[in-house]
Amino acid sequence: MWYFRNPLIVFGDDALEHLREIKGKRALIVTDAVLVKLGFVDKVARELKHAGIEHRVFSEVEPDPSVDTVRKGAQVALEYEPDWLIGLGGGSAMDAAKMIWMLYAQPDTEPYAIVPFQDYDARSKARMICIPTTAGTGSEVTWFMVVTDTVERRKIAVGTPEALPDIAILDFRLVGDMPKGLVADTGMDALTHCVEGFGSTWRTDFTNGPALMAMKLIFKYLKRSYDDASDKEAREHMLNASALASMAWSNGMAGLAHNMGHALGGFFHVTHGKSVGLYLPYNMQYLTEAGAEVFAEAARFIGLKGKTDLELTRGLVSGIKDMARHLGQPSSVKELNIDKAAYEKALPEMVARAIGEASTPTVLRVPDEKDMERMFLYAYEGKTIDF
Ligand SMILES: [Fe+2]
């Protein structure tokens, strides 16, 4: 038995005004200080006022939110007793909001110990709205969350179906001001989501549709969105693509680029999108033989030409590398100025963490430790995978 879980999606012109329709008394907005300063919180607050809903703001979410931040936010929720939680921001703010929601329902919960198959009864206290301001992590449509253990320098992905937001509001006006670097990082994350979701052995009819459409939109609009912030059409479609891509992976599985990217990000403070996007072409090269038929189908769908599955797969990998170059993203770990000795020192632990992630057994070709280590090393140097 399989499930396809998804929130109500509100999108298009004036999507934010949907907040006027919701019923409730108090909302806790979970966000970061920058979005308060930029006036995004005021925009949300204005709509809540229309609905007669009071609000309070917890704006202490940092990039890669820590366990402590989540606990602090939960404390605010316990004092304020909201009936709506609103996660406003990028993946960090939305993930923190979802975790705060779980801890608000069950205050004894440890953020890194949130698991499926446990009853949090979260909706007995509040429901959840996610409003992304990047395009994006797609966290607004998933029940997964990433929390950082600052002591162990480790990013921990946790999840429970209960943490799936009730409503995702995709208002493209909120992504109009994204700076180029953020467009690039989060766009590469979205691209990785749909490629990994589509290339997973857990792919289904329901995940394949959103994955393919997300890929097509990203290939058409990501460069445009990066080149020209005033290109509203591109920004809107990228916001939609980001949600579609996350519907695909979160109802199936992610893959090796996420596993390796999490490991790198934990040790070297590389942003999520940059690190997963960097490893993606290497992973696809590794999966090529086992996955050529699958990747070729995607390549054909987005309009690439080739005589054989192998040729089409190689074309898709080249297209992704070209995209990364266009967006000023690194194509090797070396380009990130990470010291090789430090990288090699962290390697055994990075390999163990990447192998240990839940999606490793679900990829089209499952690497052993030796292959995983070689992939990390080839990606450092920028070498094409030949094993
Ligand atoms: Fe991601």
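Residues numbered from 1 in each chain as written. Predicted model: local features only at pLDDT ≥ 70, side-chain atom pairs only at ≥ 80, totals over all residues. Heavy atoms only, no water.

Quick look at the packing of aromatic side chains now. One pass over the structure, following the stated rule, counts 11 aromatic pairs. Summarising the aromatic geometry, the rings of Phe 4 and Phe 206 are spaced 6.2 Å apart at their centres and angled 40° between planes, so their arrangement reads as tilted. Pair noted here: Phe 4 is in the segment before strand S1 (8-11) and Phe 206 is in helix H6 (residues 205-227), with a separation of 202 residues, a long-range link. Residue class for Phe 4 comes out partly exposed when judged on its relative accessible area of 32%. The class for Phe 206 is exposed, based on a relative accessible area of 61%. Their ring planes at 75° and their centres at 5.1 Å tell us that Tyr 378 and Phe 387 sit as a pair that is edge-to-face. With a relative accessible area of 18%, Phe 387 lands in the buried category. If you follow Arg 5 out to its NZ or CZ, it ends over the ring of Tyr 3, 4.7 Å from the centre. (Phe/Tyr/Trp six-rings, centres within 6.5 Å; stacked < 30°, edge-to-face > 60°. Helix = DSSP H or I, 4+ residues; strand = E, 2+ residues; numbered from the N terminus. Buried < 20%, exposed > 50% of the residue type's maximum accessible area, 1.4 Å probe, protein only. Lys NZ or Arg CZ within 6 Å of the ring centre and 35° of its normal.)

This part is about helix H11 (residues 340-356). Taking 1.5 Å of rise per residue, 17 residues should cover 24 Å, and H11 covers 23 Å from first to last C-alpha, within 8% of that figure. At Leu 347, H11 shows its maximal kink, close to 50°; a proline, Pro 348, follows between one and four residues later. Among all positions in H11, only Tyr 343, Ala 346, Leu 347, Met 350, Val 351, Arg 353 and Ala 354 are buried. Structurally, H11 contributes buried residues whose contacts are with strand S7 (154-159), helix H8 (256-268), helix H9 (272-301) and helix H12 (369-381). (Expected span 1.5 Å × (residues − 1). Bend = angle between axes of the 7 residues up to and from the residue. Contact = heavy atoms within 4.5 Å.)

The domains assigned to the protein are domain 1 (8-175) and domain 2 (180-381). Each of domain 1 and domain 2 has a C-alpha centre, and the two are 26 Å apart. In this assembly, 24 residues from domain 1 lie in contact with 25 residues from domain 2. Surface buried jointly by domain 1 and domain 2 totals about 2100 Å² across both partners, of which 59% is contributed by carbon and sulfur atoms. Summed over the shared surface of domain 1 and domain 2, the number is one salt bridge. Across the pair Glu 349 and Arg 154 runs a salt bridge, and its minimum N-O distance is 3.9 Å. The interface formed by domain 1 and domain 2 contains six residue pairs in polar contact (both at pLDDT 80 or more). (Domains from an automatic or database assignment. Buried area = accessible area lost by both parts, 1.4 Å probe. Salt bridge = Lys/Arg side-chain N within 4 Å of Asp/Glu carboxyl O. Polar contact = N/O pair within 3.5 Å; in protein donor to acceptor, adjacent residues only side chain to side chain.)

This part covers H12. Spanning 13 residues, H12 covers 19 Å between terminal C-alpha atoms, matching the ideal 18 Å at 1.5 Å per step. Taken as a whole, H12 has its buried residues at Asp 371, Met 372, Met 375, Phe 376, Tyr 378, Ala 379 and Tyr 380. Along its buried surface, H12 packs onto H8, H9 and H11.

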